[in-house]
Amino acid sequence: VVGLTCAAQDVTELRDTERRFRESQERLGLLVRRSPIGIILWNKDFTVREWNPAAATIFGYSADEAIGMPAWRIVPEAVRPMIQDVWASLQARDGGERARNENITKDGRLIVCEWYNTPLVNSADEVIGVASMVSDVSEETRTQAELAQYRGHLEGLVEARTAELAASNERLRTAERLAAIGTLAA
């Protein structure tokens, strides 16, 4: 052996970057899986790309059932035109959209959901899909309706009681006047 040539490259920074990237991906995955709010990623054609466990709880479809599912499966016919407008706005990148509307669960129940949607844009500045966060607000909506009904009932009772008190006061004043006239006459 007359000579030896070696080449070396320090890959420490590359490995650190890869490690940080993996850790970041793990944290993001954990956040999505553990979120109490449904997180759904939609493809540009409005089909499900990702579906977290909270979305499965809300709608009844497992992630395996939901992946590739078109949005219309969870949207009642009457709401579809509004959803199409929201979708067009998101694809045009007009910004995030917040909506509250009825949805359909796997077993056919109607629920009320609150949606927060934002377009997903790639490095070429193209919309490649939509990220949605969703929560079932059916119970809250029902409670608000019951409270409004109860409030209306209470207001009716207060009005009736106020009218009764006004009539009682008028009868009392009349009785006092008659008593005063009786005293004068005596």
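Figured I'd write up the structure that's included with this text.

1. Some remarks on empty space enclosed by the protein
One simple way to see leftover space: roll a probe sized like a water molecule over the atoms. What the rule picks out here adds up to one cavity of 30 Å³ or more. Size it by volume and the largest cavity reaches roughly 160 Å³. Around the largest cavity, the lining comprises 15 residues; the ones closest to its centre are Trp42, Phe46, Ile83, Trp115 and Asn117. Where the lining of the largest cavity is concerned, the elements lending two or more residues are helix H4 (80–91), strand S3 (97–104) and strand S4 (110–121). The leading source of residues in the lining of the largest cavity is H4, at four residues. A class-by-class count of the residues in the lining of the largest cavity yields 11 nonpolar, four polar and no charged.

2. So, H4
Between its first and last C-alpha atoms H4 spans 16 Å; for 12 residues at 1.5 Å apiece the expected length is 16 Å, and the two agree. Of the surrounding elements, those touching the buried residues of H4 are strand S1 (38–43), S3, S4 and strand S5 (127–136). Backbone geometry just after H4 places Arg93 at a positive phi near 65°.

3. Side note on the layout of surface pockets
Within this model, the largest pocket holds a volume of roughly 240 Å³. Those elements giving two or more residues to the lining of the largest pocket turn out to be helix H1 (12–34), S1, strand S2 (48–51), S4 and S5. If you tally residues by element for the lining of the largest pocket, the top one is H1, at four residues. For the lining of the largest pocket, a count of residues per class yields 10 nonpolar, two polar and two charged.

Analysis parameters
Residues numbered from 1 in each chain as written. Predicted model: local features only at pLDDT ≥ 70, side-chain atom pairs only at ≥ 80, totals over all residues. Heavy atoms only, no water. 1 Å grid on protein atoms, 1.4 Å probe; cavity = no way out; pocket = protein on both sides within 12 Å on 5 of 7 lines; lining within 4 Å. Points joined across faces, edges and corners; volume = space filled by probe spheres on them. Helix = DSSP H or I, 4+ residues; strand = E, 2+ residues; numbered from the N terminus. Nonpolar A, V, L, I, M, F, W, Y, C, P; charged D, E, K, R; others polar. Expected span 1.5 Å × (residues − 1). Contact = heavy atoms within 4.5 Å.

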